[in-house]
Amino acid sequence: MSPFSFYLFGVTGNLAQIKVIPALYDLFEKKLIPKGSHIIGVARKEMTPDQFRSFVWDILQTPNRHHTHPIRDEVWQEMCEHLSYQSGDFSDPKLYSTIKASLETHQIHNTIFYLATYPQLYESIFTNLKTAGLTNQDKGFTRLMLEKPIGIDLASAKRLNAQVSQYFEESQVYRLDHYLGKETLQNILTFRFGNGLLEHLFNHEFVDHIQITASEDYGIGRRGTYFDSVGMLKDVGQNHSLQMLTTVTMDAPKEFSNEAVTRERVKVLEKLLSDPEHVVFGQYEGYTGEEFVTKDSSQDTFFALRTTIDNERWQGVPIYIRAGKRLNQTCTEISLVFKNPINRLFSHLDSGNEPNILTFRIQPNEGIVFKFLSKVAGHDLKLEPQYMQFCYKYQGTDMPDAYENLISDVIKGDQTFFNDAVEVEAQWSFTDPLSAIRNRPIAYEQGSWGPQAAFELLQQDGREWLEPSLAMCAI
């Protein structure tokens, strides 16, 4: 693996601190950063090399829910040897001349630019990179990493994608949705298409409905300025939720390649029907008192919706998606609820009509769980639900963080688990009609499962939300 320079624009920001820098440490720990590489933090603040190393050290010593394991001194010392810092104004061409001179001095021809910045700064950064000759690939690769969301609606996403295409080839661009880097989500493809056991059941003949839940028991933290400008549907629904949906419903790609996998995800999105009559928006009580939130905010912190995929495989199968903050528990999972056959044996017994459910638990207690009925040991015929489960925590391996996976993919040049322009725009095409009808959201109690209207969304179809089970892959 050839050395590279990794420029982290916005290194002093929240995203860089809680996700990117810890992921870079993990890559050093696993020896996935080649010797001779450089990790350069870029921000406006003036810092000496020692101050920057102290800044990074403090970040790694601060626990967060994304990075909890101890920092090993020998790994830290190695990481320090690769760290440097460059201060400057992102709109100032002098910054990019300095970057250009540094690359020429070190004779490193492979470069990754990670923009952990506000999207409003993108165009200025793109222009200056291009003007300084930093987008060229005549001697090595140049790759650009952009964070979701790409735009705030379809029109802005198209404008941003058009801007990007003026300065970079699509093969250089890595639009990052960190859910695509999660191990369990990636494992869905292996589970479905690497085995012959259950994939033939993934269709309207056998599946009654699909549920996707992305719940958080915490609030918005210090992200009020950003979150209050977008809300839950745009922050999570347009990207994370739809990535989970496409992964579990896509057809088998002809080969395992970026082009083939992305093509199948896009096919699902293009057949996904927006239904403004079946969407609920909520806001947790106390949200308007959060830091950096406007006092009369009508932004949504919860949504629930019903949709369907208008294709042969999933014709008529309802899909229910919900996501929210300050809910009962933190859990992200996808569940396929299977149909009960006519004249099911034992249906006359207690629990005899409970459906079989296949759940992909994305977080926490990551794993794949199949719920089935079993006879209770004893002389009487009694049934009880049981779980057949694959759990990562029992595999004896350290689960890589999603950002670790994705940065590693960028280093390798693998775009499979990133979004391309067409996919991003197809996601906005689905969510824009839903955003357009959002009025003031319904208030819900913190610690609940959202507003009552979200339950009625399923009840009118004769169904109920599944409550994420604490028994799945439990300690």
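Everything below is about the structure shown above.
Quantities reported herein were computed from a predicted structural model and do not represent experimental measurements.

Undergrad: Can you help me understand the state of the cysteines in this one?
TA: Here a disulfide denotes one covalent bond, and it connects the sulfur atoms of two cysteines. According to the stated counting rule, one finds one disulfide in the structure shown. Two residues, Cys-391 and Cys-473, share a disulfide whose sulfurs are 2.1 Å apart. Residues Cys-391 and Cys-473 share a disulfide whose torsion about the S-S bond is about -85 degrees; that sign makes it left-handed. Residue Cys-391 is located in strand β15 (residues 383–391), and its partner Cys-473 is located in the segment after α12 (452–459); the two are separated by 82 residues in the primary sequence. By the burial criterion, Cys-391 is buried, and Cys-473 matches it. A disulfide-free cysteine, Cys-331 has its sulfur positioned 11 Å from the sulfur of Cys-473, the nearest such atom.

Undergrad: In this structure, what is going on with the nonpolar core? I would like to understand it.
TA: Inside soluble globular proteins, nonpolar side chains tend to come together where they are buried. Grouped together as the largest cluster of nonpolar side chains are 102 residues, with contacts concentrated most on Phe-6 and Ile-334. If sequence neighbours within four positions are ignored, Ile-334 has contacts with Leu-185, Ile-188, Ile-210, Gln-211, Ile-212, Met-244, Val-248, Leu-358, Thr-359, Phe-360 and Ile-362. Ranked by size, the runner-up nonpolar core spans 29 residues in total, among them Phe-9, Val-42, Tyr-96 and Tyr-167.

Undergrad: Can you walk me through the packing of aromatic side chains in this structure?
TA: One pair of aromatic rings is described through two measures. These are the centre distance and the angle between the planes. Enumeration over the complete set of coordinates arrives at 20 aromatic pairs. With a centroid separation of 5.2 Å and 50 degrees between ring planes, the pair formed by Trp-57 and Trp-76 is classed as tilted. Placement of Trp-57 in helix α2 (residues 49–61) and of Trp-76 in helix α3 (residues 73–82) is noted, with a sequence separation of 19 residues between them. Trp-76 sits in the buried class, given a relative accessible area of 8%. When the centroid spacing of 6.2 Å and the interplanar angle of 70 degrees are considered together, the rings of Phe-227 and Tyr-287 count as edge-to-face. A residue pair is termed long-range when its members are at least 10 positions apart, and Phe-227 in helix α8 (residues 224–249) and Tyr-287 in the loop between β9 (279–284) and β10 (302–309) qualify at 60 residues. A residue is classified by how much of its surface remains accessible, and Phe-227, at 0% relative accessible area, is buried. For Tyr-287, a relative accessible area of 0% puts it in the buried group. Taken together, the ring pairs in this structure connect Tyr-7, Phe-9, Phe-90, Tyr-96 and Phe-113 into an aromatic cluster. A cation sits over an aromatic face here: Lys-182 above Tyr-179, 5.2 Å from the ring centre. Sitting above the plane of the Tyr-284 ring, Arg-326 keeps its charged end 5.9 Å from the centroid.

About the thresholds
- Here the residue numbers are simple positions, counted from 1 along each chain's written sequence.
- Local features in this predicted model are restricted to residues whose pLDDT is 70 or higher, and side-chain atom pairs enter the listing and the counts only when it is 80 or higher, whereas totals over whole chains, interfaces and linings include all residues.
- Excluded from the side-chain calculations are hydrogens and water; all other atoms, namely the structure's heavy atoms, are used.
- Any pair of cysteine sulfurs within 2.5 Å is marked as a disulfide.
- In this text, helices come from DSSP runs of H or I with a minimum length of four residues, and strands from runs of E with a minimum of two, each type numbered from the N-terminal end.
- Three exposure classes are used, based on accessible area relative to the maximum for each residue type with a 1.4 Å probe and protein chains only: buried under 20%, partly exposed in between, and exposed over 50%.
- Only buried residues count toward a nonpolar core. Its members are Ala, Val, Leu, Ile, Met, Phe, Trp, Tyr and Cys residues joined through side-chain atoms within 4.5 Å.
- By the convention used here, residues are in contact when the closest approach between their heavy atoms is within 4.5 Å.
- In summary, the pairing rule links any two rings of Phe, Tyr or Trp, Trp by its six-membered ring, whose centres are within 6.5 Å, and it sorts them by plane angle into stacked for under 30 degrees, edge-to-face for over 60 and tilted for everything else.
- By the criterion adopted, a ring carries a charge over it if an Arg CZ or a Lys NZ lies within 6 Å of its centre and within 35 degrees of its normal.

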